Every structure is written in structure tokens, then in C-alpha cells.
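# Survey of secondary and tertiary structure
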Amino acid sequence: MRLSHIDRMRAIAVLCMVEVHTAAIIPPEGVTVGHPAAFVAAAFGGMAAPMFVAISGWGIHMSATRRAADPEHDAGRWLSWLLPRVLLLSLCQLLVNLLLNADRGGRFEWHTPGVLTLLAIAALLAPVLIRLSMRGRGVLMLLMVAAPLAIGDAVGPDWSWWERVDSQGTSEWLARLLWNGTYPAVPWLGYVLLGSIIHDLADQPSARERNIAIGLAATTVTMFIAVLEDIDWALTSGDAVLTFFPANTPFLIVSGTFVLLAHRLLEGAESSGGGPALGDRLAALEPAGRITLTIYVAHFAVLGAVASMMEGEPRLGLVTAFALTIAHTLVWIPLAIWHQRHIPDLSFEALLSRIS
């Protein structure tokens, strides 16, 4: 049985990613990195991507755990579960890169590793990770959080966007995939591990609430540091306490805290047999939460066409760009409802179910 709060969380995550990607393709005229509108747009993306990866990790962990509990689940069945996921996620990443390719005004090279290749790695590691205790996964997650400090300048703290999405040769591509790309395995697998821990703590809300309290205290400390050092609290990249590209340790702590907080707020009493928060008032989000991979890929088809049309054109005004961004974000809610009513078998999720 599907959990409503998980589908709602998936939907919010993918819709916020649609928002930040749209804002990046049609940035309004006169809005710089330091503009409040740019900060709000980046904040949605900064919290959405960790939520998207963590809730995907929750799903991968749940699915792998259920299969491991089946006494007839041998190596052949593991392969029949793993290979379709890894192949489909990798092909979808390639499709995303082609839809929003740099040659047509987009943001990716055709070979750029991204969030979907990260999830492919998570699926590959799932049979191993589910054998670790929750304490073991917690320790591994903390190592991921500390990893940016250990890696240092190898993550490319001063790189431009185009340096981060490009690679020359196999060794550089592997580096982008593993530690200095847009969503490298280290440290982003930390969110996958966080998702698995959220799954295993489903019947221990007090333990999760303690972690949220600790995370909020750490978040407050990062804000004080920003004030004392007189630097920005958060930027997509650059000189700030929190940075997304590359994801630094303070960002991992703060965003992980907000993932835990969002899950707890949306969960309500559903994990203990009750209903999700706000009852049916957020039920309209659930269809979108069932097809997040499809929405993720499809919205890049729209943005790829927009990027191609706008290449060389002047930027739009603030009001127009804002309206288009919000419209493109929200339209996926009714589209998902229609999809689930009329063509639910036509999606990447349905395809994965069939080929598994």
C-alpha cells in the first residue's frame, strides 16, 4: 500500500525542482545572484534536490529490503531488479542531457552525470547497504557529510557551471560522477542513506524529532557564522556558509535537517496507522508523486524547447518570467491527475515495473 505522505513529499520535491530549473532557463531581466528573487528560487532548488534524493533513497531501501526478506530471492532475482533500474535511470539521464543540451541553449553536455546517475549508483549499492545496521548506515552518512572537508579543493569550489558539467576523457567523467560533478556520489549518497534511516525509524517519531532539533540548532549556528563573518548564508556557488555546487558540509547538515522536518510535517499520524497531515487537502499532489521520474524527464523536454527558442533573445521582465515559472511548475499537478486517470501505464515508472 502506498503511503500518502511519501507521494506528497515526492511531488513537492519534483515540483520544486521544476521551479528552480525553469527559473534558470528564463531568468528575469535585472535579477542577479544576490537578488532576493534569485535567493528564493535557489532556496527551493537547494531544499528540493536533497528531498528528491532522500525520498528516492527511502523507496530504493524499502524495495530492496522487501526483496531481501523473500527466501526465494536469489542472485538472479537481484539482477532482474537491479539491471532494469540502473539501465533506465542511466538512459533517462542521457535523455535529459540531450533535451537540455548546451548546443541548443541548454545547460548540459550529453555525457553529464546528474541526479539520475546518482540514483543508479544508489540502486547498485542497495543490496549491500540494506545489510548494514541502521547505526552502520548512520555512521556512513556522517562520513558523507564530512567528506567535502576531506576532499578539499578536488571538489572544484571555484569552478564555473560549465567546468562542472563537462569532462575530457574517462577519468574526468568518473570524477564528475563520484566527487566533483553536479550530483556526485560523494557526498550525495548521504541523502540516500538518510532516506533509508527515515524508513527504518518510521515507528520512532521521537528519535526523528530529536535529530530535527539537533539539526535546527546546527542550522542556527550556520546563520550566526554568516553574520559574524559578514558573508552570505547561502549561495548556489561562491563565498557563502552554505553552497550547493559543490555541496559543502554546512549545506548537507542544513538541507538534511529540512528533509527530516518536511517528512515529519507531511507524515502526520500515517506511520502509526492514522492519516497524513492535513488529511485529504494535499491529496491532489499524490498523482504527481507517483510519476516523479516521468515529470522530471518531461519537464526538461519543455525547458529544452524554451531554451532553444530563447537563445540569443533578451531576458523577460520580472513579472512575466515569474508568472511563466509558477505556471510551468503548477501545471504538472493537473497533468499528473489526468495521467493517472487515463493513461497510468504510459510512464517510466510503469515501464520499470514491467521490465523488472
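Higher on the page you've got the structure.
The structure displayed is predicted, hence computed values, not measured ones.

What follows deals with the overall build of the chain. In terms of regular secondary structure, the chain is built from 15 helices and two strands. Computed over the C-alpha atoms, the radius of gyration of the chain is 20 Å, within 12% of the 21 Å expected from 2.2 N^0.38 for a compact globule of 356 residues. Along the first, second and third principal axes, the C-alpha set of the chain runs to 60 × 50 × 50 Å. Counting every position in the chain, which comprises 356 residues, the buried fraction comes to 49%. At a minimum sequence separation of 6, the contacts of the chain that also span at least 24 residues come to 73%. Total accessible area on the chain stands at roughly 17000 Å², and carbon and sulfur atoms take up 67% of it. Side chains of the chain give 22 positive and 28 negative charges; the mean places of these two sets differ by 10 Å.

The subject of this paragraph is the pattern of salt bridges. This structure, assessed with the given rule, holds eleven salt bridges. D70 is the salt-bridge partner of R77, the closest N and O atoms lying 3.7 Å from each other. On the accessibility criterion, R77 (36% relative accessible area) is partly exposed. Residue class for D70 comes out partly exposed when judged on its relative accessible area of 29%. When the shortest N-O distance is used, the salt bridge between R290 and E286 registers 3.7 Å. Remark: E286 and R290 occur in helix α11 (residues 286–290); sequence separation between them is four residues, near one turn of the helix. Look at R290 and you get partly exposed, because its relative accessible area is 29%. Residue classification places E286 among the buried residues on the basis of a relative accessible area of 10%.

The next thing to look at is a negative patch on the surface. Taken together, the side chains of E229, D230, D232 and D239 present a region of like negative charge at the surface. The class for D232 is partly exposed, based on a relative accessible area of 42%.

Core analysis: the largest hydrophobic core is formed by 87 residues, its most contacted members being L116, W188 and Y296. In this structure L116 touches L89, C92, Q93, V96, L293 and Y296, once residues within four positions along its chain are discounted.

Let us look at the packing of aromatic side chains. Considering all chains together, one arrives at 14 aromatic pairs under this definition. Arranged with centres 5.6 Å apart and planes meeting at 75 degrees, the rings of W78 and W81 form a pair that is edge-to-face. With W78 and W81 both in helix α3 (residues 75–99) and three residues apart, the pair spans about one turn of that helix. Here W78 matches W81 in class, with each residue buried. Aromatic pair W188 and F251: ring centres 6.4 Å apart, planes at 50 degrees, arrangement tilted. Remark: F251 occurs in helix α10 (residues 249–267) and W188 occurs in helix α8 (residues 185–200); sequence separation between them is 63 residues. Just as W188 is buried, F251 falls in that class too. Put simply, the rings of F52, F108, W161, Y183, W188, Y191, F244, F245, F251, Y296 and F300 touch in pairs and so form one group of aromatic residues.

This part takes up helix α4 (residues 115–129). Helix geometry: α4 is bent most strongly at A123, by close to 30 degrees, with proline P127 lying one to four residues after it. Counted residue by residue, α4 has twelve buried out of 15 residues, so it is predominantly covered. For α4, the full list of buried residues reads V115, L116, T117, L118, L119, A120, I121, A122, A123, A126, P127 and L129.

For the bond from V186 to P187, the omega torsion is 20 degrees, close enough to zero to count as cis. Inspection of the secondary structure assignment puts P187 in helix α8. Across the junction of F245 and P246, the peptide omega takes the value -5 degrees, indicating a cis bond. By secondary structure assignment, the location of P246 is in the loop between β2 (240–243) and α10. The phi torsion at D230 lies on the positive side, around 55 degrees, for a residue other than glycine. Among the structural elements, D230 can be located in the loop between α9 (205–229) and β1 (232–235).

The rules we used
- Residues numbered from 1 in each chain as written.
- Predicted model: local features only at pLDDT ≥ 70, side-chain atom pairs only at ≥ 80, totals over all residues.
- Heavy atoms only, no water.
- Helix = DSSP H or I, 4+ residues; strand = E, 2+ residues; numbered from the N terminus.
- Rg over C-alpha atoms; globule rule 2.2 N^0.38 Å.
- Buried < 20%, exposed > 50% of the residue type's maximum accessible area, 1.4 Å probe, protein only.
- Contact = heavy atoms within 4.5 Å.
- Areas by Shrake-Rupley, 256 points an atom, 1.4 Å probe, with all protein chains shown as cover.
- Lys, Arg positive; Asp, Glu negative; His and termini not counted.
- Charge placed at Lys NZ, Arg CZ, Asp CG, Glu CD.
- Salt bridge = Lys/Arg side-chain N within 4 Å of Asp/Glu carboxyl O.
- Patch = residues over 30% accessible without salt bridge, like charges linked within 9 Å, V, L, I, M, F, W, Y side chains within 5 Å.
- Core = buried A, V, L, I, M, F, W, Y, C linked by side-chain atoms within 4.5 Å.
- Phe/Tyr/Trp six-rings, centres within 6.5 Å; stacked < 30°, edge-to-face > 60°.
- Bend = angle between axes of the 7 residues up to and from the residue.

No statement about biological role is implied by the geometric values presented.
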